[in-house]
Amino acid sequence: MSEFKDWFNSVPFFTRYWLAATIILSVLGRFGIFNYYYFILDFNLIFYKFQIWRPITAVFYYPINPSTGFHFLINCYFLYSYSQRLESGMFAGKPADYLYMLLFNWLCCVLLGLFTGLPIIMDPMVLSVLYVWCQLNKDVIVSFWFGTRFKAMYLPWVLLAFNLIISGGGILDIMGILVGHLAFFLLFKYPQELGGPSLLTPPAFLKQIFPDTRYMGGFGTAPQERVPTRPGSTVLGGHNWGRGHALGGN
């Protein structure tokens, strides 16, 4: 038990409680302790019955049954693996920045879920975080099933193709890719490469609650900021989308 506690406490803060809430809420629903219907998105119940907890529980709850159990475990693995790498890598020492990105991704997933009638949003939320890591570490070689290896930038699309073949789905993966791409664009590409304002900077009160700490990271680096030039000078350097350990889904 002490080993599990040590492992649990070693997981970065937001990843730790995101994973724990997902497992607990899904297990409670699986054994009928609570009616799963109270966990899912429902436009009418949210806006007309003021059941405002539903957008929160919809990201943590996943219906576990014999046909979805394996997919749930894969989702939990991706959540733990790639959220941990982002939180302890690119966002190391910046908990408010990571939380703000998670909140942005969550809000986008909720809006897409309400618009499309999607009752649960665990899949697109997890894939959106995975997509951001893959873009920051696009040249890192990751492993997939059956020993296949490829660059991280292709992993979200491989997962999309895999789900299209296996389950005939794909809409959840597309939603996650869209949300992850928007977050990556606003966080890194637009302000640092295109010279635009930083649109996903966390507000001051969030920085006060989760102040920056000493940098501890190493899984990836953001694109380099634009280098100011003087008349007659040239811009030197380029950008490095990411460096990291060769880790990935197995």
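Up top is the structure.
This one's a predicted model, so the numbers in the text were calculated from it and none came from an experiment.

Thresholds applied
Residues numbered from 1 in each chain as written. Predicted model: local features only at pLDDT ≥ 70, side-chain atom pairs only at ≥ 80, totals over all residues. Heavy atoms only, no water. Helix = DSSP H or I, 4+ residues; strand = E, 2+ residues; numbered from the N terminus. Buried < 20%, exposed > 50% of the residue type's maximum accessible area, 1.4 Å probe, protein only. Contact = heavy atoms within 4.5 Å. Core = buried A, V, L, I, M, F, W, Y, C linked by side-chain atoms within 4.5 Å. Expected span 1.5 Å × (residues − 1). Arc of directions from axis to C-beta. Patch = residues over 30% accessible without salt bridge, like charges linked within 9 Å, V, L, I, M, F, W, Y side chains within 5 Å. Areas by Shrake-Rupley, 256 points an atom, 1.4 Å probe, with all protein chains shown as cover. Salt bridge = Lys/Arg side-chain N within 4 Å of Asp/Glu carboxyl O.

Asker: I keep staring at the overall build of the protein chain and nothing clicks. Help me out?
Answerer: Each helix and strand in the protein chain was counted, giving 10 helices and two strands. Counted from the first residue to the last, the protein chain has its helices and strands arranged as α-α-α-α-α-α-α-β-β-α-α-α. Looking at the 250 residues of the protein chain, the share that counts as buried comes to 46%. Put simply, 67% of the contacts in the protein chain that link residues at least 6 apart link residues at least 24 apart.

Asker: Mind showing me how you'd approach the nonpolar core here?
Answerer: Most often, soluble globular proteins keep nonpolar side chains buried together rather than apart. Membership of the largest hydrophobic core comes to 62 residues, with the highest contact counts inside it found for Leu86 and Met101. Sorting the residues of this core by element identifies helix H2 (13–30), helix H4 (54–60), helix H5 (69–88), helix H6 (95–116), helix H7 (122–136), helix H8 (155–166) and helix H9 (171–193) as the ones contributing at least two each. If sequence neighbours within four positions are ignored, Leu86 has contacts with Phe91, Ala92, Tyr98, Met101, Val129, Val132, Trp133 and Leu136.

Asker: Sorry if this is basic, but what is going on with H8 here?
Answerer: The end-to-end C-alpha distance of H8, which contains 12 residues, comes to 16 Å, matching closely the 16 Å that a straight helix rising 1.5 Å per residue would cover. Listed as buried for H8 are Leu155, Pro156, Leu159, Leu160 and Asn163. Buried residues of H8, seen end-on, are gathered within an arc of 145° and therefore sit on one face of the element. In this structure, the buried side of H8 is in contact with H5, H7, strand E2 (149–151) and H9.

Asker: Before we go on, may I ask you to explain the environment of Leu28 in this structure?
Answerer: Along the polypeptide, Leu28 turns up in helix H2. For the pair Leu28 and Ile64, spaced 36 residues apart in the sequence, the C-alpha separation amounts to 9.9 Å.

Asker: What's the story with a nonpolar patch on the surface in this structure? I'm lost.
Answerer: Residues Ile23, Val27, Phe31, Ile33 and Phe34 make up a contiguous nonpolar surface patch of roughly 490 Å² in combined accessible area. Following the sequence through the fold, Phe34 ends up in the loop between H2 and helix H3 (43–47).

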